[in-house]
Amino acid sequence: MSMPDHLDIDEAEEERPRSGSRLPASLRRDQPLVPVDSVAGRALVVVIAILTFLAALSAGAALLAARASEQWRGAVANEMTIQVRPDPRRNIEQDIARAVELARAVPSVAEARPMPRAESDKLLEPWLGAGLDLVELPIPRLTVLRLSSTSANDLVAFSQTLRREVPSATLDDHRLWVRRLSTMASTIILAGVAVVLLVLVAAGLAVAFATRGAMAGSRDSVEVLHFVGATDEFIAREFQTRFVALGLRGGAVGGLAAIIAIALLGFLSSAWSATPEADQLQALFGAFEIGWSGYAVVILVAAVVAAIAGLVSRLTVRHYLRAMG
């Protein structure tokens, strides 16, 4: 009779965790500590996917605004505009020619290009519509100056000479537009970053509540694990592994949906590029192409969501176990 008792003791020793970091064999043959597939887990994946999608779109929008702002500032800083207003007492064509002559004599001006009347009228089509006869309207004529440098002395002297030689002409150095564009772009970027942070906080809260629900449902299993010698570190790691997997799954789905949405917007903007409305949108926001760096940002957002899921679940489990103890 002593031989079976000895065997029972050996089997018990085999099933006892050696270092407090392994699940007992009887429990390993049963359901896992955190259910692999459950209604709550699938719901959490959907929530994380939606939040990742919103965060990735916000990050992409902020990146588009930053790139568009850089292009705006670069284009505006290297250009100036001469605006010649119609005056019944003066010949507007002669005024334009005189303004171009004065501009080309300035060392800082690399090129002076008078804009044709048809091109000026086309700029008004998004607001006035196409096919209108604008001959009777007092529309100013524009001359675009491309600068080789931004010498303040040259430009100030040129502005005074232009005002004296061509009273109906004014020089616009676009400084006001640069300030407005910079302010608008900074506001959009800050709003996008704020939305990303809020979405990440919402994802963390969702994971925290889901972890507490999973802990409450696995309370008996956790007590058994404590009884057989499992440490809090082992239990927290089991929950962390499970919620990292859920975060990766939801983040991958949300990030992929965001990439598809951004690519679809880029395709639609290219397909509609012939319309005046699309031209205006492209001038404001660029070509809706975020490039490889933008896609890397989307992938980074998905990875951060998964990392937050693992970290928050680990901290929640350890806090819950301390409360149990």
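Residues numbered from 1 in each chain as written. Predicted model: local features only at pLDDT ≥ 70, side-chain atom pairs only at ≥ 80, totals over all residues. Heavy atoms only, no water.

Description of the overall build of the protein
Phase 1: Scanning the protein from N- to C-terminus turns up 12 helices and 4 strands.
Phase 2: Buried positions account for 34% of the 325 residues belonging to the protein.
Phase 3: Long-range contacts, defined as pairs at least 24 residues apart, comprise 84% of the intrachain contacts of the protein with a sequence gap of at least 6.
Phase 4: Accessible surface for the protein amounts to roughly 19,300 Å². Of this, 63% is attributable to carbon and sulfur atoms. (Helix = DSSP H or I, 4+ residues; strand = E, 2+ residues; numbered from the N terminus. Buried < 20%, exposed > 50% of the residue type's maximum accessible area, 1.4 Å probe, protein only. Contact = heavy atoms within 4.5 Å. Areas by Shrake-Rupley, 256 points an atom, 1.4 Å probe, with all protein chains shown as cover.)

As for a nonpolar patch on the surface
Phase 1: A contiguous nonpolar patch, built from V46, I50 and L54 and spanning about 260 Å² of accessible area, is present on the exposed surface.
Phase 2: Residue placement: L54 occurs in helix α3 (residues 39-77).
Phase 3: Among the residues examined, L54 registers a relative accessible area of 40% and is labelled partly exposed. (Patch = residues over 30% accessible without salt bridge, like charges linked within 9 Å, V, L, I, M, F, W, Y side chains within 5 Å. Salt bridge = Lys/Arg side-chain N within 4 Å of Asp/Glu carboxyl O.)

With respect to the nonpolar core
Phase 1: Core analysis: the largest hydrophobic core is formed by 30 residues, its most contacted members being V207, M215, I235, F239, F243 and V317.
Phase 2: Looking at this core, the elements that each hand over two or more residues are α3, α8 (175-217), α9 (219-227), α10 (232-271) and α12 (291-324).
Phase 3: Ignoring any residue separated from it by four or fewer positions in sequence, one finds V207 in contact with L44, I48, F243, A309, V312 and S313. (Core = buried A, V, L, I, M, F, W, Y, C linked by side-chain atoms within 4.5 Å.)

Quick notes on the sheet that holds strand β2 (residues 109-114)
Phase 1: If you walk across this open sheet you meet the 4 strands as β2-β3-β1-β4, and the pairing is antiparallel. The open sheet has two edge strands with one neighbour each: β2 and β4 (169-172). Mean inter-strand twist for the sheet, computed between neighbouring axes without regard to direction, equals 20°.
Phase 2: Relative to strand β3 (residues 141-147), strand β1 (residues 79-84) runs antiparallel, the two being bridged by 6 bridges. (Pairing = 2+ DSSP bridges. Axes fitted to C-alpha atoms, helices over the stretch in contact; angles between N-to-C directions.)

Observations concerning the pattern of salt bridges
When their charged atoms lie close together, side chains carrying opposite charge are able to pair.
Phase 1: The final tally for this structure, using the stated rule, is 8 salt bridges.
Phase 2: Notably, a salt bridge pairs R90 with D95, separated by 2.9 Å at the nearest N-O pair.
Phase 3: For D95, a relative accessible area of 5% puts it in the buried group.
Phase 4: Salt bridges sharing common partners tie together R98, E101 and E165.

A few points about the confidence of the model for the protein
Phase 1: On average, the protein scores 76 in pLDDT, and the residues at 70 or more come to 74%.
Phase 2: No element of the protein has a lower mean pLDDT than helix α1 (residues 2-15), at 41, and none a higher one than helix α4 (residues 92-104), at 88.
Phase 3: Predicted confidence for residues 1-21 stays below pLDDT 50, and this span has 12 contacts to residues more than four positions away or in other chains. (pLDDT = per-residue confidence, 0-100.)

Regarding the environment of S148
Phase 1: On the secondary structure map, S148 appears in the loop between β3 and α7 (152-165).
Phase 2: Exposure remark for S148: the relative accessible area of 51% places this residue in the exposed category.
Phase 3: The contacts of S148, once residues within four sequence positions are left out, are P107, S108, V109 and A110.

Topic: α4
Phase 1: In a regular helix each residue adds 1.5 Å, so 13 residues correspond to 18 Å; α4 covers 18 Å between its end C-alpha atoms and thus fits that length.
Phase 2: Where α4 begins, the capping side chain belongs to N91, and its oxygen is found 3.0 Å from the backbone nitrogen of E93. (Expected span 1.5 Å × (residues − 1). Polar contact = N/O pair within 3.5 Å; in protein donor to acceptor, adjacent residues only side chain to side chain.)

Concerning the side chain of T143
Phase 1: Looking at the secondary structure, you find T143 in strand β3.
Phase 2: We classify T143 as buried; its relative accessible area is 0%.
Phase 3: Setting aside chain neighbours within four positions, we find T143 in contact with M80, T81, I82, I96, V100, R113, P114 and M115.

Overview of the pairing of β3
Two faces make up the sheet, and in a regular strand the side chains alternate between them.
Phase 1: Where burial is concerned, most of β3 is hidden: 5 out of the 7 residues are buried.
Phase 2: Relative to β3, β2 runs antiparallel, the two sharing 5 bridges. Residue pairing in the sheet places R113 in a bridge with V144 of β3.

Some points on the side chain of D95
Phase 1: Checked against the element boundaries, D95 lands in helix α4.
Phase 2: Beyond its immediate chain neighbours, meaning those up to four positions away, D95 contacts V84, R90, V166 and S168.

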